[in-house]
Each structure stands twice: as C-alpha cells, then as structure tokens.
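# Coordinate analysis (summary)
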Amino acid sequence: MAASPTKGIASGLLASPSGSDPSPHSGTEAHAPGSTPDDVRFMRRALALAERGAGQVAPNPKVGAVIVRDGVIVGEGWHQQFGGPHAEVHALAAAGPAAAGATAYVSLEPCNHRGKTGPCTEALIAARVSRVVCAMRDPNPVAAGGIERLRSAGIEVVTGVCASAAHMQNATFVHAVRHQVLPFVTLKLAVSIDGALAGPSRQRAWLTGPESQAAVHAMRAEADAIGVGIGTVLADDPALTVRLAPPPRVSPARVVFDRRARLPQGSLLAATARELPVHLITGVEAPAARVEALTGIGVTVHAVKELADGLRSLRLAGVRHLFVEGGAQIASALLNDGLVHHLVIFQAPVILGAGAVCAFAALPGQDATTAPRLTVLDRRGYGDDLMTRYAVSGD
C-alpha cells in the first residue's frame, strides 16, 4: 500500500511545467484584461524597484512605481523606509510636470487612506495622470479602495498585471493581513545534490558558496525572526544575525525549537538574549530548573504542548514572518504539521553519499505516483548553487 501524503504538503499544488521559470523577472506573466506587452514590461520594472525596500519597510509592503509618458519612463520610486513617503509619491516627484497625462505603474493598489502619509490616490489625481496600472489589490481593508477612488476621478485603471509575481513579492504581508493567528513560515535548507544537509561525519562545513550565503542573509533581513532547532545550536553555536546583507530596520529576533530546554547558557544566543530577543519554544515537560535559568538571563520561554501552539505564541509576540533554517528534525516537523508556506532549497553541486544526513528522512515515505508536487515559485543560480523556492501551503 502506498504511503499517505504528508499532511502538511498541499496535494492540490502542481509544479510548474518543465523548463519554465516562474520568477517575477521571467516575463512569463499572462496579460491582464486591458493590458499591453508594455504594461508587463513597465510593471516588472516597478516590481524590481520595490525590492529595494527589502528589510526597511516592514510591516508595510514593498512597493515600486514607474511613471511613463509616450513610452518613456519619466519618473521612478519605491517605498524606501517605514513611515516615509510611498512609492507613488517618490515617482511623481521625480516625474514633475511630465506626470500629467502619463501612465503610473504601481506594484500594489495605491492606498486610499491617511496613515503616516497622505493617500497616494490623491497624489495621483493631483498630478493628473490619465491611467494607472496596478499589479494587485491591497488586501488591507484599511488602505483599500484606491482603484475605485481613481476611477471615480475619471482615471483609467487596469489591474492584475504581473499579479502572481506581486503576490509572491509581498506574500508575508498578505498573509499577515489575512491571518492573525500563525506567522508566515519560510523554511530554508541547504542541501547536496542527493538531498543531504551534512556528510556522514556531521562535520561542520559550508555546503553552499558565498553568493548563496549572502542571499540567505538578505532573506534573514526580511524576517521578523530566524529559527533553528536545538540540534543546530548544539552543533554550530550560531548567532542567527544579519551580517552579509545591509542591516534591516529592525533586527530579527532569534528562535530555538528546544523541547527539553537544552539551550546552553554559554551559547552565543543565550549570551546575547538581552541585546537581541531570543525565544525558546519548549515542551511543557521541560525541566523547570533549566527554564528558570534561561529566563533569568533574558531568554523568553514559550512552554507549549504542540508545535503549532509555539507558532501561535510567536505570532502574539509580534512575529509575522518566521524564517527557519533547519535542521532536519524541525524541518520535517514543520512540514508534517502543515506549518510551512514557502520552502527554499539551496542546492550545492556536491554529492555526500551513504550515511549523510538526509534533509527529509524524518518525513513519512511516499510513493512517487501519489506524492504531491509543489509549485515552483522561483528558481535562480547563486554562483555554482541553485536556489528553488516552492509554495507548500497557505496563501
């Protein structure tokens, strides 16, 4: 009898066709109704600009804007800093009088409310743009309504251009708006060609190259917290900080999944807990003396019965996006419990062979004919390594 599918991996998700590249920069995005090939080209530019706000604008979304007149870009901008002007304001300022009669490309529906800044809809109307193209509607009901406001002012609005790429770019923001109970979980693993995390000796060594390592730190910078299992802490004594990428506006907290509260008091994490928060997810059976000792040096302990309860506790503590970096046990536990949204695999060009630590050995076995196939969201090279991002479950 074939093994039943792992419950945490959505069986309805299908892989992208062989040879396709669903990266937001691939150009494979279907045209939205009322759009043109130029609309796709300029929206891709807006999405690229939005990425420049990575690590600086959360909990706001990343947004880019491009002002185009007669086929020529006359202004560009992006949301640069939390609390600062939005992308549309920067782009309109760069365009100046040339914005009149132009088309504005915005990667997210222009906001229609007054928060830390004024409504972007009113800025677009005042600039007398004639057309607005946006990739997706704003899921936040407080800021939504921009499309309707623009249309009521006589501005043509086209929506849905590069929508899937825009959604992926702000997947954590969308999840945080729609789901208040659990954080968005990205699971990142670095593996060999044969799917191993480490060789038979378990010797500490980098599998991937410096380009991949820098990319991982950039991903860390966009998370509210970086998580690992206690096995990784005991083996590597990591700091779990952002060092190989521009420092984020708010440094991510650190999370250790440690049922028995074995986190050493002399570890880098415990020793710096008062400088940068450390959350320990333990079982209710964790020895009270160890919990008390760790609490005494600044570690925040969450004693829970189930893994999902630990994530709920983290969400209450302000963690909207949790970036988990292994090891094998916590990776398998999160996948098996259906708690992972994106799976990011960095594959190094090396084979570790017999006795190596398989990344997914703790998951139930499945038959190839019934195992669910994941959606490939992005695939790109970093040096000699290959990074693939999969949708596993969630939005």
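It should be noted that the structure appears before, not after, this text.
Here we summarise the structure given alongside this text. (Residues numbered from 1 in each chain as written. Predicted model: local features only at pLDDT ≥ 70, side-chain atom pairs only at ≥ 80, totals over all residues. Heavy atoms only, no water.)

### Concerning the overall build of the chain
Applied cut-off: Each helix is a run of H or I in the DSSP string that is no shorter than four residues. Each strand is a run of E no shorter than two, and both are numbered from the N terminus. The atom set for the radius of gyration is the C-alpha atoms, and the globule formula is 2.2 Å times the number of residues raised to the power 0.38. Each residue is placed in one exposure class: buried if its accessible area under a 1.4 Å probe, protein chains only, is under 20% of its type's maximum, exposed if it is over 50%, and partly exposed if it falls in between. In this description, accessible areas are obtained by the Shrake-Rupley approach with a 1.4 Å probe, and a residue is regarded as covered only by the protein chains that are shown. Charged-residue counts in this description rest on Lys and Arg as positive and Asp and Glu as negative, His and the chain ends being excluded. For this purpose, a charge sits on NZ of Lys, CZ of Arg, CG of Asp or CD of Glu.
A tally of helices and strands in the chain yields 12 helices and 16 strands. Radius of gyration (C-alpha) of the chain: 23 Å, near the 21 Å computed for a compact globule of 395 residues. Buried residues in the chain amount to 48% of all 395 residues. As presented, the chain carries roughly 17,500 Å² of accessible surface, and 54% of it is formed by carbon and sulfur atoms. Averaging the coordinates of the 35 positive side-chain charges in the chain and doing the same for the 32 negative ones gives two points 3 Å apart.

### Some details on the sheet that holds strand β8 (residues 225-229)
This is how the line gets drawn: By the convention used here, strands pair only if DSSP detects at least 2 bridges between them. Here the axes come from fitting lines to C-alpha atoms, over the contacting stretch only for helices, and the angles between their N-to-C directions go from 0 to 180 degrees. Contact criterion: two residues are considered in contact whenever any of their non-hydrogen atoms come within 4.5 Å of each other.
Spatial ordering of the open sheet is given by β11-β10-β9-β8-β12-β6-β13-β16-β15, a layout of nine strands whose pairing is mixed. Of all the strands in the sheet, the pair left with one neighbour each is β11 (300-304) and β15 (375-382). Put simply, the sheet's adjacent strands are angled 20° from each other on average, direction ignored. Of the pairings in the sheet, the one linking β8 to strand β9 (residues 253-257) comprises five bridges and is parallel in character. The partner of alanine 225 across the bridge, within β9, is alanine 253. Here helix α7 (residues 210-221) sits on the sheet in contact with β6 (184-191), β8, β12 (321-324), β13 (342-347), β15 and β16 (385-391), set at roughly 160° to β13.

### Here we look at unusual backbone geometry
With an omega of 10°, the peptide bond running from alanine 58 to proline 59 counts as cis. Residue position: proline 59 is located in the loop between α1 (37-50) and β1 (64-69). Glycine 327 follows glycine 326 through a cis peptide bond whose omega is 5°. By the secondary structure assignment, glycine 327 is in the loop between β12 and α12 (328-336). You will see that aspartate 237, though not glycine, has its phi angle at about 50°, which is positive. The topology assignment puts aspartate 237 in the loop between α8 (230-236) and β9.

### Notes on the pairing of strand β5 (residues 156-159)
Put simply, the rule is: By convention, a crossover is right-handed whenever its connection, traced from the first strand over the helix to the second and viewed with the strands pointing away, goes clockwise.
Pairing geometry for strand β4 (residues 131-134) and β5, over four bridges, is parallel. Counterpart to valine 133 in the pairing with β5 is valine 158. After leaving β4, the chain enters helix α4 (residues 146-152) and then returns to the sheet as β5, a path that is right-handed.

### Some details on the pairing of β11
By the bridge criterion, five bridges tie strand β10 (residues 278-283) to β11 in an arrangement that is parallel. Bridging across to β11, threonine 282 finds its partner in alanine 303. Considered for its hand, the β-α-β crossover made up of β10, helix α10 (residues 288-296) and β11 is right-handed.

### Thoughts on the nonpolar core
For clarity, the threshold we go by: Throughout this description, the term nonpolar core refers to a set of buried Ala, Val, Leu, Ile, Met, Phe, Trp, Tyr and Cys residues connected via side-chain atoms within 4.5 Å.
Formed by 40 residues in total, the largest nonpolar core has its most connected members in Met43, Ile67, Tyr105, Leu124, Val129, Val132 and Val161. Ranked by residue count, the leading element in this core is α1, at six residues. Ignoring sequence-local partners within four residues, the contact set of tyrosine 105 consists of Asp38, Asp39, Phe42, Met43, Ala46, Gly64, Ala65, Val66, Val68, Arg131 and Val133. With 29 residues, the next largest nonpolar core counts Val185, Val324, Leu335 and Ala359 among its residues.

### Side note on α7
Under the convention used in this document: In a helix, the anticipated span is given by 1.5 Å times the number of residues less one.
Between its first and last C-alpha, α7 extends 17 Å over 12 residues, near the 16 Å set by a 1.5 Å rise per residue. Along α7, the positions that sit buried rather than exposed are Ser212, Gln213, Ala215, Val216, His217, Met219, Arg220 and Ala221. Where the residues of α7 are buried, they touch β6, β8, β12, β13, β15 and β16.

### Observations regarding the sheet that holds β1
In spatial order, the strands read β2-β1-β3-β4-β5; together these five strands make up an open sheet with mixed pairing. Whereas interior strands pair on both sides, the edge strands pair on one side only; in this sheet they are β2 (72-78) and β5. Between one strand and the next, the sheet's axes are offset by a mean angle of 15°, whatever the strand orientation. Across the face of the sheet, α1 comes into contact with β1, β2, β3 (103-106) and β4 while running at roughly 145° to β1. Contacts between helix α2 (residues 87-95) and the sheet are confined to β1, β2 and β3, with β2 contributing the most and set at about 140° to the helix.

### A short note on the side chain of glutamate 88
Defined as follows: Throughout this description, the term salt bridge denotes a Lys or Arg side-chain nitrogen within 4 Å of a carboxyl oxygen of Asp or Glu.
As for its position among the elements, glutamate 88 is in helix α2. Salt bridges are absent for the buried glutamate 88, whose nearest opposite-charge side chain, arginine 137, sits at 13 Å. In this structure glutamate 88 touches Ala65, Val106, Leu108, Pro110, Cys111, Cys120 and Leu124, once residues within four positions along its chain are discounted.

### Some remarks on the packing of aromatic side chains
Just so we agree on the cut-off: To pair, rings of Phe, Tyr and Trp, with the six-membered ring standing in for Trp, must have centres within 6.5 Å; the planes then decide the type, stacked if under 30 degrees apart, edge-to-face if over 60, and tilted in the middle. Any Lys NZ or Arg CZ that is within 6 Å of a ring centre and within 35 degrees of that ring's normal is treated as a charge sitting over the ring.
All chains considered together, the criterion is met by two aromatic pairs. For the pair phenylalanine 42 and tyrosine 105, a centre-to-centre distance of 5.3 Å together with 40° between the ring planes defines the contact as tilted. Of this pair, phenylalanine 42 sits in helix α1 while tyrosine 105 sits in strand β3, and the two are 63 residues apart along the sequence. Residue tyrosine 105 is classed as buried on the basis of its relative accessible area of 3%. Summarising the aromatic geometry, the rings of phenylalanine 346 and tyrosine 382 are spaced 5.9 Å apart at their centres and angled 40° between planes, so their arrangement reads as tilted. Taken together, the positions of phenylalanine 346 in strand β13 and tyrosine 382 in strand β15 put the pair 36 residues apart, joining distant regions of the chain. On the accessibility criterion, phenylalanine 346 (1% relative accessible area) is buried. Over the ring of phenylalanine 42 we find arginine 41; its NZ or CZ atom is 4.4 Å from the centre of that ring. It is arginine 52 that lies over the ring of tryptophan 78; its NZ or CZ is 4.8 Å from the centre.

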